[in-house]
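# Analysis of the macromolecular model
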Amino acid sequence: MGYIEPAPLLDKENPFEAMMSRFRVASQILGLEEEVYNVLKSPARQVIVSLPITMDDSSIKVFEGYRVVHSTILGPSKGGIRYDPHVNLDEVKALAAWMTWKCAVVDIPYGGAKGGITCNPREMSAGEIERLTRAYTSAMIDIFGPDRDIPAPDMGTGPREMAWLMDEYSKTRGMTVNAVVTGKPIVLGGSLGRTEATGRGVMVSALTAMEKMKINPYKATCAVQGFGNVGSWAARLLSERGLIVQAVSDISGAYYNEKGIDFEAAIKYRDANKGSLEGFGGAEKIKGDELLTLSVDVLVPAATEDVITATNAPNIKAKLIVEGANGPTSSKADSILNDKGIVVVPDILANAGGVTVSYFEWVQNRLGYKWEAERVNRRSDRIMKDALNNVYKTSQEYKVSLRIAAYMVAIDKVAKTYKYRGGY
Ligand code: NAD
């Protein structure tokens, strides 16, 4: 594929460039035809809406909302909705494409999408957020649908917003349509196991990779960056499997205990302390960034993007990195980690446990049936394990990193499906 410009090696990068640089490399190795490359890189639909909302002080404020459907080649599109002051079209486009590759790599029958509203939910009342969510749903009524495009929570949104979205959509359709959105409260048809699903997938990915690398999990050491939903569940489940989680961190800093962090105590402390570990007594406080370069076997970045860069990658000592967060490693850092022989289970694979259980939620809603937690966990563990084995096989066959192999598996699947379905 000589026509594709060489992939730039980027450090601090915008998410669309980060996604494209890996997409290009994987497409080149696959020998993807130019026509198909162009189809797969272009989002199928990009919608921007203006949402005038009456604020609590009776003023009217106009918010901008987005929904990008990157692909519906494999099935209805799936992806979260982000409420954040930095939301912009470029970011939503990248996240939508990421969802396409993530669903394809774990082999669930969804395309990819993402949505967002440029707003600061921390400065808005519950009433204002509800009106905004309902206005956004109404503006996207012809995009969303259980067979078309299925939203979910992302940064700044959660079960509460999903309940409003489901209700607004249902009102317009004149019937309850709970399969239009996932990540709902359990009483509205949410799935058991969804809360811990992403952290659980990180744990399964880590154990499967450790098995291949012949690292015995019992007494292997680990550090986890981020102590929110993904990080705290990953840390807890890894320690239950015998790993010694020596450090965890959040925005307030990192906390180190050579003998292992006591999770029950840390979680209790965080929940009683407005979500922060600041002041946690069960460990020594170290600088946040220091966590990334500790001498541990396994490193789990589960906080935010662009934390492993060309600057700190040379000092990373972990043998295995499992990306709980989306986009934690820059493409420039990728090659440094590769050269050092550090194995990286990439985000589109490692954190796909969340979208997998979202898929199960949708399946249960459509069946009008509820699975017990044991069935949810057993099936998602199987999917995560199979996906990692498949990506590992590709990486061995083509002698590429797990990241490039994951993109290759995903792109190949979407490209083959596209060719069977055909175009105009
Ligand atoms: P969260 O808001 O529950 O937790 C984020 C945690 O990271 C918090 O503890 C916060 O203090 C910490 N943090 C933020 N910036 C930090 C920094 N610079 N250094 C150290 N800690 C920092 O979010 P979450 O749902 O756990 O998501 C974390 C990451 O995982 C995000 O990249 C998200 O996109 C990704 N992800 C989440 C899910 C999911 O199901 N929640 C699924 C797939 C991917």
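Computed from a prediction, not measured in an experiment: that's the story for all the values here.

## Focus: the side chain of aspartate 334
In this fold, aspartate 334 is placed in helix H9 (residues 331–339). Since its relative accessible area comes to 14%, aspartate 334 is described here as buried. Excluding anything up to four places from it in sequence, aspartate 334 contacts Arg22, Thr329 and Arg403.

## Details of the sheet that holds strand S7 (residues 244–250)
Strand order across the open sheet formed by seven strands is S9-S8-S7-S6-S10-S11-S12, with mixed pairing between neighbours. The outermost strands of the open sheet, each flanked by one partner alone, are strand S9 (284–286) and strand S12 (343–345). Sheet twist, expressed as the mean angle between neighbouring strand axes with direction ignored, is 20 degrees. With three bridges joining them, strand S8 (residues 253–256) and S9 adopt antiparallel strand pairing. If you follow tyrosine 256 over to S9, its bridge partner there is glutamate 284.

## Re unusual backbone geometry
Within the chain, serine 58 stands out as a residue other than glycine whose phi angle is a positive 75 degrees. By relative accessible area, serine 58 is classed as exposed at 58%. Residues other than glycine seldom take positive phi values, yet lysine 214 does so here, at roughly 60 degrees. Relative to the helices and strands, lysine 214 resides in the loop between helix H6 (194–212) and strand S6 (221–225).

## Description of the sheet that holds strand S1 (residues 45–54)
Across the sheet, which stays open at both edges, the five strands sit in the order S1-S2-S4-S3-S5 with mixed pairing between neighbours. Of all the strands in the sheet, the pair left with one neighbour each is S1 and strand S5 (149–153). The average angle at which neighbouring strand axes cross in this sheet is 25 degrees, direction not considered. Relative to strand S4 (residues 111–118), strand S3 (residues 77–84) runs parallel, the two sharing six bridges. Residue pairing for S4: serine 77 is matched across the bridge by glycine 111. Its contacts with the sheet put helix H3 (residues 89–105) on S1, strand S2 (60–71), S3 and S4, and the angle it makes with S4 is roughly 150 degrees.

## Notes on the site of the ligand
Taken together, 18 residues are adjacent to the ligand, and Thr198, Asn229, Val230, Ile251 and Asn326 come closest. Valine 230 places a main-chain nitrogen or oxygen 2.9 Å from an oxygen atom of the ligand. Expressed as a share of its isolated accessible area of 830 Å², the protein-covered part of the ligand is 70%. Elements supplying a minimum of two residues to the shell around the ligand: H6, helix H7 (229–240) and S7. Of the residues in the shell around the ligand, the class split is six nonpolar, 10 polar and two charged.

## Observations regarding the pairing of S1
Within a regular strand, side chains alternate between the sheet's two faces. Bridging between S1 and S2 involves 10 bridges; their strand directions are antiparallel. Considered in S2, the bridge of isoleucine 48 is made with tyrosine 66. Linkage of S1 to S2, two consecutive antiparallel strands, is achieved through a turn of five residues, within which serine 58 is found at a positive phi near 75 degrees.

## Concerning the nonpolar core
Core analysis: the largest hydrophobic core is formed by 87 residues, its most contacted members being Met19, Leu40, Trp101, Val248, Val300, Val322 and Val345. Ranked by the residues each element gives to this core, the list is headed by helix H13 (residues 402–421), at 11 residues. Each of two domains, domain 1 (43–178) and domain 2 (197–350), supplies a minimum of three residues to this core. Within the second largest apolar cluster, 28 residues are counted, among which are Val69, Tyr136, Met140 and Val177.

## Digging into helix H12 (residues 373–398)
Over its 26 residues, H12 runs 38 Å from end to end, which matches the ideal 38 Å to within 8%, given 1.5 Å per residue. Every buried residue of H12 is listed here: Val376, Asn377, Ser380, Asp381, Met384, Ala387, Leu388, Val391, Thr394 and Ser395. The inward-facing, buried residues of H12 abut H3, H6, S12, helix H10 (347–350), helix H11 (353–367) and H13. Just downstream of H12, lysine 399 is the residue with a positive phi angle, here 55 degrees.

## Re the pairing of S3
The buried count for S3 comes to eight of eight residues, which makes it a mostly enclosed element. Taken together, S3, H3 and S4 constitute a β-α-β crossover, and its handedness is right-handed. Where S3 and S5 come together, five bridges link them in parallel fashion. Opposite lysine 78, over in S5, you have isoleucine 150 as the bridge partner.

## A closer look at the confidence of the model for the protein
Put simply, the protein has an average pLDDT of 94, and 97% of its residues get 70 or more. Of the regions scoring below 50 in pLDDT, residues 1–6 engages in 16 contacts with residues more than four places distant in sequence or in other chains.

## Considerations on the packing of aromatic side chains
The final tally for this structure, using the stated rule, is 10 aromatic pairs. Centre to centre, the rings of phenylalanine 23 and tyrosine 37 are 5.1 Å apart; their planes meet at 10 degrees, and the pair counts as stacked. With a gap of 14 residues between them, phenylalanine 23 in helix H1 (residues 15–30) and tyrosine 37 in helix H2 (residues 34–41) connect regions that are remote in the sequence. Residue classification places phenylalanine 23 among the buried residues on the basis of a relative accessible area of 0%. Through a chain of ring-to-ring contacts, the aromatic side chains of Tyr110, Tyr359, Phe360, Trp362 and Trp371 assemble into a single cluster. The lysine or arginine in question, arginine 236, covers the ring of tryptophan 233, its NZ or CZ lying 4.3 Å from the ring centre. For the cation-ring pair, arginine 379 lies above tryptophan 371, with the distance from its terminal atom to the ring centre recorded as 4.8 Å.

The rules we used
Residues numbered from 1 in each chain as written. Predicted model: local features only at pLDDT ≥ 70, side-chain atom pairs only at ≥ 80, totals over all residues. Heavy atoms only, no water. Helix = DSSP H or I, 4+ residues; strand = E, 2+ residues; numbered from the N terminus. Buried < 20%, exposed > 50% of the residue type's maximum accessible area, 1.4 Å probe, protein only. Contact = heavy atoms within 4.5 Å. Pairing = 2+ DSSP bridges. Axes fitted to C-alpha atoms, helices over the stretch in contact; angles between N-to-C directions. Near = heavy atom within 4 Å. Polar contact = N/O pair within 3.5 Å; in protein donor to acceptor, adjacent residues only side chain to side chain. Areas by Shrake-Rupley, 256 points an atom, 1.4 Å probe, with all protein chains shown as cover. Nonpolar A, V, L, I, M, F, W, Y, C, P; charged D, E, K, R; others polar. Core = buried A, V, L, I, M, F, W, Y, C linked by side-chain atoms within 4.5 Å. Domains from an automatic or database assignment. Expected span 1.5 Å × (residues − 1). Right-handed = clockwise from strand over helix to strand, strands pointing away. pLDDT = per-residue confidence, 0-100. Phe/Tyr/Trp six-rings, centres within 6.5 Å; stacked < 30°, edge-to-face > 60°. Lys NZ or Arg CZ within 6 Å of the ring centre and 35° of its normal.

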